[in-house]
Amino acid sequence: ASSGYVLLRGVDDPVFLVYTDASWGNAAGGRSQSGYLLVMTDATVETSTEDVPASVQDGRSHRLKRVTRSTLGAEASGLDAGLDKVLVLPFSNEA
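Residues numbered from 1 in each chain as written. Predicted model: local features only at pLDDT ≥ 70, side-chain atom pairs only at ≥ 80, totals over all residues. Heavy atoms only, no water.

To continue, consider the pattern of salt bridges. Under the counting rule described, the total for this entry stands at one salt bridge. Across the pair D58 and K85 runs a salt bridge whose closest N-O atoms are separated by 3.7 Å. In this pair, D58 is assigned in strand β3 (residues 54–63) and K85 in helix α1 (residues 71–88), connecting sequence segments 27 residues apart. Given the relative accessible area of 23%, K85 is considered partly exposed. (Salt bridge = Lys/Arg side-chain N within 4 Å of Asp/Glu carboxyl O. Helix = DSSP H or I, 4+ residues; strand = E, 2+ residues; numbered from the N terminus. Buried < 20%, exposed > 50% of the residue type's maximum accessible area, 1.4 Å probe, protein only.)

Shown next, in the form of structure tokens:
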């Protein structure tokens with residue numbers, strides 16, 4: 001079965017990284033905004049001094065449904081969404 005991921009040449013030991021960010025009260029109506037990018041790359045990215053191939057596998061920017069009362073709250077909600085993807089998506093057939 002197909003994994004649904006864009007595989008990269010030169011990636012022998014694939015790993016997933018997630019990058020998240022959020023803003024508190026900056027969207028229309030004082031709402032908070034969050035986003036994440038799920039990236040597949042090689043495990044050597046942690047130690048390599050050379051460029052390592054990488055491919056964005058999933059991403060989302062969205063208004064937070066939960067009311068947050070601080071920047072930390074918005075960042076934590078964004079991190080929660082990003083971690084959900086990095087922990088669940090690699091085991092699903094979706095990309």
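Quick look at the side chain of S34 now. Tracing the chain through its elements places S34 in strand β2 (residues 33–42). If we skip the residues at most four places from it in the chain, S34 touches D21, A22, R60, S61, H62, L64 and G78. (Contact = heavy atoms within 4.5 Å.)

Together, R31, R60, R63 and K65 make up a positively charged patch on the protein surface. Take R31: it is sitting in the loop between β1 (14–23) and β2. (Patch = residues over 30% accessible without salt bridge, like charges linked within 9 Å, V, L, I, M, F, W, Y side chains within 5 Å. Areas by Shrake-Rupley, 256 points an atom, 1.4 Å probe, with all protein chains shown as cover. Lys, Arg positive; Asp, Glu negative; His and termini not counted. Charge placed at Lys NZ, Arg CZ, Asp CG, Glu CD.)

Next up on the list: the layout of surface pockets. The computed volume of the largest pocket comes to approximately 270 Å³. Taken together, Y36, R60, H62, R63, L64, K65, R66, S77, D80, A81 and K85 make up the full set of residues lining the largest pocket. Secondary-structure elements contributing two or more residues to the lining of the largest pocket are β3 and α1. Element by element, the count of residues in the lining of the largest pocket is highest for α1, at four residues. A class-by-class count of the residues in the lining of the largest pocket yields three nonpolar, two polar and six charged. (1 Å grid on protein atoms, 1.4 Å probe; cavity = no way out; pocket = protein on both sides within 12 Å on 5 of 7 lines; lining within 4 Å. Points joined across faces, edges and corners; volume = space filled by probe spheres on them. Nonpolar A, V, L, I, M, F, W, Y, C, P; charged D, E, K, R; others polar.)

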